[in-house]
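Here is how the chains run, residue by residue.
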Amino acid sequence: MTLSQDTFRQVVLRVRPTGMPVASDFAIDTVPIPIPEEGEFVVRNLYVSLDPAIRQRLSQVDSYAKLIEIGGPLTSTTLGEVVASGDPKASVGDHVVGFHTVAEYSLATWTPLTRPVDLAAAASPSNHLSVLGPTGLTAYFGLLDIGKPQPGETVLVSTAAGAVGSVAAQIAKIKGCRVVGIAGGSEKCELLTEVFGLDAAINYQGLDLARLTAAIRQAAPDGVDVYFDNVGGIQLDAALDCLNLRGRVALCGLISHYNAAGDIPPFTNFFRLIAKTARIEGFTVLTYAEQFPQALAELAGWVADGRIVFREHIEKGIESGISAFLRLFDGSNRGKMMLDLQGE
């Protein structure tokens, strides 16, 4: 391995958060660049995806990915260049997307979630972590495989101004649905209708369960056929009360629960699933790995045609990793949150 340095920086967990994470829960450590053994390779990360799901791995063991240990690096999806390899499937100079560490370099192995990428196939390399990466894929499979929207149906999406929600909402429009988005604040609601092309937007801020339910009924007077949920909490509870017969709920995330310091309020409308013979199904994009190529091709076509627009929020340098991650929970990010590590 020929490198201009022998150490790198990574974001590590210092203390398990209780409730909302704070900066002192994390640190940036400097460690030696590893030498890959057989079956391993080293990736110089160019971009790192920062996702709310990382919060699950900080303090809960029932996540779909391994718990992050105290002193260990955070883990997420990265786009990087192979700089040293003991695996014939990963050649030096290749660019790959995979589940790695939030670090300038990662020691990696080839897994079903590792895929080669052609940087020239997107307008920006970062797109391979957003609309043409896990973000777009999550929206694609959650909406189409779980939600199964039909032309003329009404689709409701929570965090519809967010990275996943905005793509899911636009796919629903492509499929001929009436689409209502839930977001926090008038600025984001304007984004939903003026930029992403949704039919209606609901500002959830300051609304209790009864008022949110009423807002959904007003925006979706014919009821909700598909609900794509990233939030849980009262947004899920309100959506359940508005479901139509044989409605479908795609449960993508529960961000309202991730930082809960106490008991989570119970749901009151689960009986609606029985009354409406409706279905709720959780999912992760990991289970669709074999179908990624077909989905990415379709997503790329929609982006090229201007039928999907998207936003990326990119911070520069590993030293920005902690503050950028925390912005996911105060709503101040504007688009898919990533770190740009090039030139670091």
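Anyway, here's the lowdown on the structure attached to this text. (Residues numbered from 1 in each chain as written. Predicted model: local features only at pLDDT ≥ 70, side-chain atom pairs only at ≥ 80, totals over all residues. Heavy atoms only, no water.)

Digging into the overall build of the protein
Logical step 1: Helices and strands together make up the secondary structure of the protein, namely 10 helices and 15 strands.
Logical step 2: For the protein, the spread of C-alpha atoms along the three principal axes comes to 65 × 45 × 35 Å.
Logical step 3: In the protein, which comprises 344 residues, the proportion classed as buried is 53%.
Logical step 4: About 14,800 Å² of surface is accessible on the protein, with carbon and sulfur atoms providing 52% of the total. (Helix = DSSP H or I, 4+ residues; strand = E, 2+ residues; numbered from the N terminus. Buried < 20%, exposed > 50% of the residue type's maximum accessible area, 1.4 Å probe, protein only. Areas by Shrake-Rupley, 256 points an atom, 1.4 Å probe, with all protein chains shown as cover.)

Focus: helix 6 (residues 233–241)
Logical step 1: Among the nine residues that make up helix 6, eight are buried, leaving the element largely enclosed by the rest of the structure.
Logical step 2: Among the residues of helix 6, G233, Q235, L236, D237, A238, A239, L240 and D241 are the ones counted as buried.

Some thoughts on the pattern of salt bridges
Opposite charge on two side chains permits them to pair, given that their charged atoms come into close proximity.
Logical step 1: Tallying each qualifying case throughout the model produces 15 salt bridges.
Logical step 2: Between D241 and R272 there is a salt bridge, and its shortest N-O distance comes to 3.5 Å. Within this pair, whereas D241 is found in helix 6, its partner R272 is found in helix 8 (residues 271–275), the two being separated by 31 residues in sequence.
Logical step 3: Judged by its relative accessible area of 19%, D241 falls in the buried class.
Logical step 4: Each of R9, E104 and E319 takes part in salt bridges that share partners, so that together they form one network. (Salt bridge = Lys/Arg side-chain N within 4 Å of Asp/Glu carboxyl O.)

Thoughts on the environment of E37
Logical step 1: In this structure, E37 sits in the loop between strand 2 (26–32) and strand 3 (40–49).
Logical step 2: Residue E37 is classed as exposed on the basis of its relative accessible area of 58%.
Logical step 3: Remark: the alpha-carbon pair of E37 and A250, spanning 213 residues in sequence, is separated by 41 Å.

What to know about the pairing of strand 1 (residues 7–13)
Logical step 1: With five of seven residues buried, strand 1 is to be regarded as a mostly interior element.
Logical step 2: The pairing of strand 1 with strand 2 spans seven bridges and is classified as antiparallel. Bridge pairing in strand 2 places R9 opposite T30. (Pairing = 2+ DSSP bridges.)

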